[in-house]
Each structure stands twice: as C-alpha cells, then as structure tokens.
Amino acid sequence: MRRITDVRLPRRPGSNDPVGLSWLSLDDHNLITATGPMPAGGAMAGESWHGDRLSQRGIDLQINGGLGLAFTELSDQDLPRLLELLELLWRDGVEAIAPTLVTCGVTPLRQSLAVLRKARDRHSTGRCQLLGAHLEGPFLAEARRGAHPLEHIAAPSVAALKERIAGFETEISLITLAPEQPGAQALLSHLKELGIQVALGHSTANADQAALAFSQGVDMITHAFNAMPGLHHRAPGPLGEACRRGDIALGLIADGVHVHPTTAVLLQRMAGDQLVLVSDALAPYGLAEGEHRWDERVLLVNNGTCRLEDGTLAGVTLPLLEGTCRLASWSGDADGAIWASTMAPREVLTESLEDHWLIGNMLSDLLRWEWNASERKLAWRGAA
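These notes cover the structure that comes with them.

1. Let's talk about the overall build of the protein chain
- Looking only at helices and strands, the protein chain has 10 helices and 22 strands in total.
- Taking 384 residues into account, the globule formula puts the C-alpha radius of gyration at 21 Å, and the protein chain, at 21 Å, falls close to it.
- With respect to the three principal axes, the spread of C-alpha positions in the protein chain is 65 × 50 × 40 Å.
- Looking at the protein chain as a whole, 55% of its 384 residues are labelled buried.
- For the protein chain, contacts bridging at least 24 residues in sequence account for 69% of all contacts bridging at least 6.
- Per element, the accessible surface of the protein chain, about 16200 Å² overall, is 48% carbon and sulfur.
- A gap of 2 Å separates the mean positions of the 33 positive and 46 negative side-chain charges of the protein chain.

In structure tokens:
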C-alpha cells in the first residue's frame, strides 16, 4: 500500500470550491483505490508531492496528422507509421485524439476513414486512443476557408454528407461547418440525429446567426478567432455570443501566433471552463522544421508554426501540452490551463465528468504537473 499526500487535483475554472490539497491511496500495482482532502492544519504520513498537480492525460479534438502523415491522405501502407504516431502522442501526454480531416475530395476522405477504422481496432497499451474523426469541412464559407482548398469546399446538404460518411456515421465525433450557409440548418438537424457534435468554424456568421446556430445544437467553436469574425465592441460575432451564453466550448490554439498571448488570456478569463485547448498539429508534427509537403502544396515550418508559401497560417507542429504550458505562463493560471487540455475536452464529448474519476486509474496513465508561480513556468511528466 502506498499513499501520496499534498496533491492538487483538477479544479473547474470559476468554481467556488475551496482550493485545497488531497491524498491518494494506491495498491501494490499503483492503482488508485481511494482519495480525500488533506486534514485541515494537520500532516499525514505518506509521500508528499508538495502541491504538485495530478490530472488525466490530454485530449486533442483538433489534430491533422504527424510524423509526415496527413490524416486526409492515409492509405493501408501508412498503418504502421500511424500506430507509431499514436505511440508518440502517448509519450507527449495525450490519451486520445479526434483525428481531424480537413477539406478534401470524397475518395481520399473515405479511404482515410477506413484506415482510421483499422488503426482504431489495433489500440493497445502505450498508444493514444483514436476517437471518432473530426471533419473540418467541407461545408465551410469560401471567404473564410483559410488553407482549405477551394475546389473541395461544398454546399451543406444531407446528400453531400451521406456521400462522404455513409457507413462511417458512428465513427465521426465532430464536424466543423459554417452554420450561416444555405442548407446548414437542415444538415445540422441531421447531424444531431446521428449524435455527431457540431462546431462553428471557417464561418462569416455574425452574433445573431451564431445565436441561432447555438440554439439549434452547435456545441463548439473551432480555433477561436481564426477564420471567423473577431470580437468587436459593436459586432460581438460568434465569440461574443458564445461567451455571453456560457455553454459553448471554445477551441483555442495556444501557440502565441494563431492568437496573441494577451488575447488568449482575455479569452481564458471570459470563457473560464468553456475553453478547450487544441493543438491543430499538422503532418510535420514530430519531424524537423523546414519545408514539407502538404497535398500538392509546400508547407513551411518555423518555430512550431506552419504556413503555406503565400503566408497563409495553416497550423502548428507543437504538442498539445506545450500549449497548456504556454497559456499558463501567459495568464498565471496553471489550473485553468490544465483543465482546458485535460478535462474540458472530455466535457465536449460527454455530458458530465465523474466526480471520482481518479479511482481505478493507474498512476502511470496520469500526469504530474509542477508549477513555479514566481517564474510562471509549468512543466509536466508521467505521474508514476
């Protein structure tokens, strides 16, 4: 029997629960069997963590590939390298991902979904889990398409959706679309019937159009501030409406380039537990920086940021938890940053979080976070 004391557990941003330390009991196999608050004003025998945080691993709802693989270009020959990528993600502190398929042709999309199905069936210990896919497109606003190829942008319709995902309906977790586009409302209704979450993204929607979409079941905003109207004092746009409502998840790429650090901190303070960190990592994730191929285009990677040759911002190669550490350094709110990458994405996919999620978990499957408040430096490692 082993006991760990003086541990900080994840705390929901904005919660009125008192900030306190906890203890954990583990069996001989490092399985957590019990937990509770540290006694007020008293010590407890055990291995003190001196206030270090404990959390589940990260969940990444927007990641486009890695180790040279783009999820929209997968073939059966890529399966071994895809499994290697899932091992890399586990080592990088990520428990599960929604593999993101950006706008592409119907045939490669369906082929990629088939390969992801095979990889999902080969899940094993030490590998990141594949959740249902995240289709980022093709039902996007042309004016806000960003790096998405124009020739594959499609008008929203149930028929166009079926052409793409028939037979894979239960293997799609999330679809990003522009809800202001003609036909989007009927498509949104169909997606909700299928049990697929819907995010607003690559959109020209104003606040009123966003409000209608949110009332009809849009649950999330994809990469807040990017490829959508900004937050203006006379035109609050989808971000303003989402913050006003308080129940819409806000995806954020915390690299400091897609969104300025100051703006990221302001969003964190406005949104609280709505904030969901995503990596938006592209195929060069895990590879050296420099010049890489992306479909028929050239992708330039510099300091973790990916751009097309014309300068269009395309994504990053930074791990999800690097964004967690950066956000904590900008805001000074380590607990909020950890929540945004570990607990908040779980709430997007499930209705509620279990209060006693720790019980029954192996310590080796969890993360330990050390926070240096004076230097605003957050670091993580495996908990075991």
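2. Considering the sheet that holds strand β2 (residues 22-26)
- Reading across from one edge, β3-β2-β1-β4 is the order of the 4 strands in this open sheet, with mixed pairing throughout. Two strands close off the open sheet at either side, each with one partner strand: β3 (32-37) and β4 (47-48).
- Bridge count between strand β1 (residues 2-7) and β4: 2 bridges; the pairing is parallel. For T5, the partnering residue across the bridge sits in β4 and is S48.

3. Brief notes about the sheet that holds strand β17 (residues 290-294)
- Read across the sheet, 4 strands follow the order β17-β18-β19-β20 without closing on themselves; strand pairing throughout is antiparallel. Both outer strands of the open sheet, β17 and β20 (313-316), are each paired with one neighbouring strand and no more. Adjacent strand axes in the sheet meet at a mean angle of 30° when their direction is disregarded.
- Bridge analysis of strand β19 (residues 305-308) against β20 gives 3 bridges, and the strand direction is antiparallel. Counted as the bridge partner of T305 is V316 from β20.

4. Focus: the packing of aromatic side chains
- On inspection of all chains with the given rule, the structure shows 0 aromatic pairs.
- Above the face of the W90 ring, R57 is positioned so that its terminal group lies 3.8 Å from the ring centre.
- In this structure, R368 is placed above the aromatic ring of W49, and the distance from its NZ or CZ to the ring centre is 4.1 Å.

5. Some points on helix α9 (residues 334-342)
- Burial of α9 is extensive: 8 of the 9 residues sit out of reach of the surface.
- For α9, the complete set of buried residues consists of A334, G336, A337, I338, W339, A340, S341 and T342.
- Capping of α9 at its N-terminal end is provided by D333; its side-chain oxygen lies 3.5 Å from the backbone amide nitrogen of D335.

Conventions adopted
- Residues numbered from 1 in each chain as written.
- Predicted model: local features only at pLDDT ≥ 70, side-chain atom pairs only at ≥ 80, totals over all residues.
- Heavy atoms only, no water.
- Helix = DSSP H or I, 4+ residues; strand = E, 2+ residues; numbered from the N terminus.
- Rg over C-alpha atoms; globule rule 2.2 N^0.38 Å.
- Buried < 20%, exposed > 50% of the residue type's maximum accessible area, 1.4 Å probe, protein only.
- Contact = heavy atoms within 4.5 Å.
- Areas by Shrake-Rupley, 256 points an atom, 1.4 Å probe, with all protein chains shown as cover.
- Lys, Arg positive; Asp, Glu negative; His and termini not counted.
- Charge placed at Lys NZ, Arg CZ, Asp CG, Glu CD.
- Pairing = 2+ DSSP bridges.
- Axes fitted to C-alpha atoms, helices over the stretch in contact; angles between N-to-C directions.
- Phe/Tyr/Trp six-rings, centres within 6.5 Å; stacked < 30°, edge-to-face > 60°.
- Lys NZ or Arg CZ within 6 Å of the ring centre and 35° of its normal.
- Polar contact = N/O pair within 3.5 Å; in protein donor to acceptor, adjacent residues only side chain to side chain.

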